[in-house]
Amino acid sequence: MLVRLIHYQVKKEDDGRRADRFLKNRLYSHSDLAALKSTDGALLRNGSQLRLLDELHAGDEIRISVYEEESSAGIVPVELPLSVLYEDEDLIVLNKPAGMPTHSTYSNTENSLASALAFYYRKQSRPFVFRCSNRLDMDTSGVIPVAKHKISSSILATMSERRLIGRTYLALVSGNVRCEEGTVDLPIGRKSEHTTEQMVDLQEGKRAVTHYRVIASGENSSLLELRLETGRTHQIRVHMAAIGHPLLGDRLYNPEQGELPRQALHSACMRFRHPITGEELCFTAPLPEDIRRGIGKLPDYLL
């Protein structure tokens, strides 16, 4: 099923560039190019078949046809509310609530973001393949983008690998953080092969870097703005616990602090270029009320 027609116009700076180089500069992967090459009519120039080794000329009109036939097996479509921050033909950006897993699991097949989107796509009679480029823990709320077809998914994945996606989180942590800003540079590894729990592992862990800034303080808590230089599993939760300021409500890394029903972590902002148009995008999700109640006076931009 044809789900997307992508159009490019070759500009002067790309005159004489081969088609494969033109697309690689737009972060198309080797598998993307192989699929275009093997699908008749998927890659056209001025209405005629275009080979990847052909040279392009300024003014050429490139058309790419994206087909989707498969569907994500095992995901049960469920009618659930979705908070849509942005949507176009290539991606949908959502504000995920706390308590909703990103992916369906054996123990939770009816309350996931994947199930909600499966229902949403079914209403549009659109093939559904769940292509989430930034997984959030079940109890982490906030901005999460989902690609709507394989080309945008591939490009977003490459952008993530190359650290071209900026992510800002807000976390409510235990205690008053003395340094107004700082960096935690501690390697992280899995605690054991039988658990998802992570830990600081100086011998075998992978490098993990978290930058933080204090933006508000309460009686015995601090609201931090965090920026990740790396993207390890549970990175913020492990790093904050390691410096003595674990997240409130985090029963895995802060079991004695049960003020909140979930870890107080929120994906507040995400910045990246649109995978197809290259337009600069910025998405924000307001701080949820449960975290807001755990801190005192907030900066105006968070209200």
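Our structure's up above, just so we're on the same page.
Definitions and limits used
Residues numbered from 1 in each chain as written. Predicted model: local features only at pLDDT ≥ 70, side-chain atom pairs only at ≥ 80, totals over all residues. Heavy atoms only, no water. Helix = DSSP H or I, 4+ residues; strand = E, 2+ residues; numbered from the N terminus. Contact = heavy atoms within 4.5 Å. Areas by Shrake-Rupley, 256 points an atom, 1.4 Å probe, with all protein chains shown as cover. Salt bridge = Lys/Arg side-chain N within 4 Å of Asp/Glu carboxyl O. Buried < 20%, exposed > 50% of the residue type's maximum accessible area, 1.4 Å probe, protein only. Disulfide = S-S within 2.5 Å. Expected span 1.5 Å × (residues − 1). 1 Å grid on protein atoms, 1.4 Å probe; cavity = no way out; pocket = protein on both sides within 12 Å on 5 of 7 lines; lining within 4 Å. Points joined across faces, edges and corners; volume = space filled by probe spheres on them. Nonpolar A, V, L, I, M, F, W, Y, C, P; charged D, E, K, R; others polar. Pairing = 2+ DSSP bridges. Phe/Tyr/Trp six-rings, centres within 6.5 Å; stacked < 30°, edge-to-face > 60°.

(A) Expanded view of the overall build of the protein chain. Counting secondary structure elements, the protein chain contains six helices and 16 strands. Overall, the protein chain is about 65 × 45 × 40 Å in size when its C-alpha atoms are taken along their principal axes. Across the protein chain, the fraction of contacts at a sequence separation of at least 24, relative to all contacts at a separation of at least 6, is 65%. On the protein chain, roughly 15,500 Å² of surface is accessible, and the fraction owed to carbon and sulfur atoms is 47%.

(B) Expanded view of the pattern of salt bridges. Under the counting rule described, the total for this entry stands at 17 salt bridges. R131 is paired through a salt bridge with E68; the nearest N and O atoms lie 2.7 Å apart. Within this pair, whereas R131 is found in strand β7 (residues 131-132), its partner E68 is found in the loop between β4 (61-67) and β5 (84-87), the two being separated by 63 residues in sequence. For R131, a relative accessible area of 14% puts it in the buried group. Residue classification places E68 among the buried residues on the basis of a relative accessible area of 3%. Through salt bridges with shared partners, a single network forms among R4, E89 and D90.

(C) Representation of the state of the cysteines in the model. Throughout the structure, instances matching the rule amount to zero disulfides. Not engaged in a disulfide, the cysteine C269 finds its nearest cysteine sulfur in C282; these two sulfurs lie 3.7 Å apart. Exposure remark for C269: the relative accessible area of 7% places this residue in the buried category.

(D) Looking closely at helix α4 (residues 150-161). A rise of 1.5 Å per residue sets the reference length of α4, with its 12 residues, at 16 Å; its end C-alpha atoms lie 16 Å apart and thus fit the reference within 8%. Of all the positions in α4, only I151, S152, S153, S154, I155, L156, T158 and M159 are classed as buried. Those residues of α4 that are buried are in contact with β1 (2-9), α2 (30-38), β4, β7, β8 (141-147) and β15 (265-273). Positive phi appears at R163, one or two residues downstream of α4, with a value of about 60°.

(E) Looking closely at the layout of surface pockets. Reported here for the second largest pocket is a volume of approximately 260 Å³. Surrounding the second largest pocket, 15 residues form its lining, L27, R273, H274, P275 and G278 being those nearest its centre. Mapped by element, the contributors of at least two residues to the lining of the second largest pocket are α4 and β15. Take the lining of the second largest pocket: its biggest share by element is three residues, from β15. Of the residues assigned to the lining of the second largest pocket, the class counts are eight nonpolar, three polar and four charged.

(F) Up close: empty space enclosed by the protein. Following the criterion strictly, the structure yields one cavity of 30 Å³ or more and no others. Every residue lining the largest cavity is listed: V3, E68, Y121, R126, P127, V129, R131 and K148.

(G) Structural view of the pairing of strand β16 (residues 280-284). Side chains L281 and F283 of β16 all project onto a buried face; the interleaved residues E280, C282 and T284 project onto a face where none is buried. As paired strands, β15 and β16 are joined by five bridges and run antiparallel to one another. Of the residues in β16, the one forming a bridge with M270 is F283. Adjacent in sequence and paired antiparallel, β15 and β16 are bridged by six residues, among which G278 carries a positive phi angle near 80°.

(H) Representation of the pairing of strand β6 (residues 91-96) in the model. In terms of burial, β6 is a largely internal element, six of the six residues being buried. Burial of the side chains of β6 extends over both faces: L91, V93 and N95 are buried on one face and I92, L94 and K96 on the other. The antiparallel pairing of β5 with β6 creates a hairpin that spans three residues between the two strands. For β6 and β8, the ladder comprises six bridges, and the chain directions are antiparallel.

(I) View of helix α5 (residues 235-242). Within α5, six of the eight residues are buried, which leaves it mostly tucked inside the rest of the structure. Within the span of α5, buried status applies to Q235, I236, R237, V238, H239 and M240.

(J) The arrangement of the packing of aromatic side chains in detail. Following the criterion strictly, the structure yields seven aromatic pairs and no others. An angle of 70° between the planes, with centres 6.4 Å apart, marks the rings of Y8 and Y28 as edge-to-face. Highlighted residues: Y8 in strand β1 and Y28 in the loop between α1 (19-24) and α2, separated in sequence by 20 residues. Overall, Y8 belongs to the buried group, its relative accessible area being 8%. The buried category is assigned to Y28, whose relative accessible area is 4%. On the numbers, 5.8 Å between centres and 50° between planes, the contact of F272 with F283 is tilted. Of the two residues, F272 sits in strand β15 while F283 sits in strand β16, which places them 11 residues apart along the sequence. For F283, a relative accessible area of 7% puts it in the buried group.

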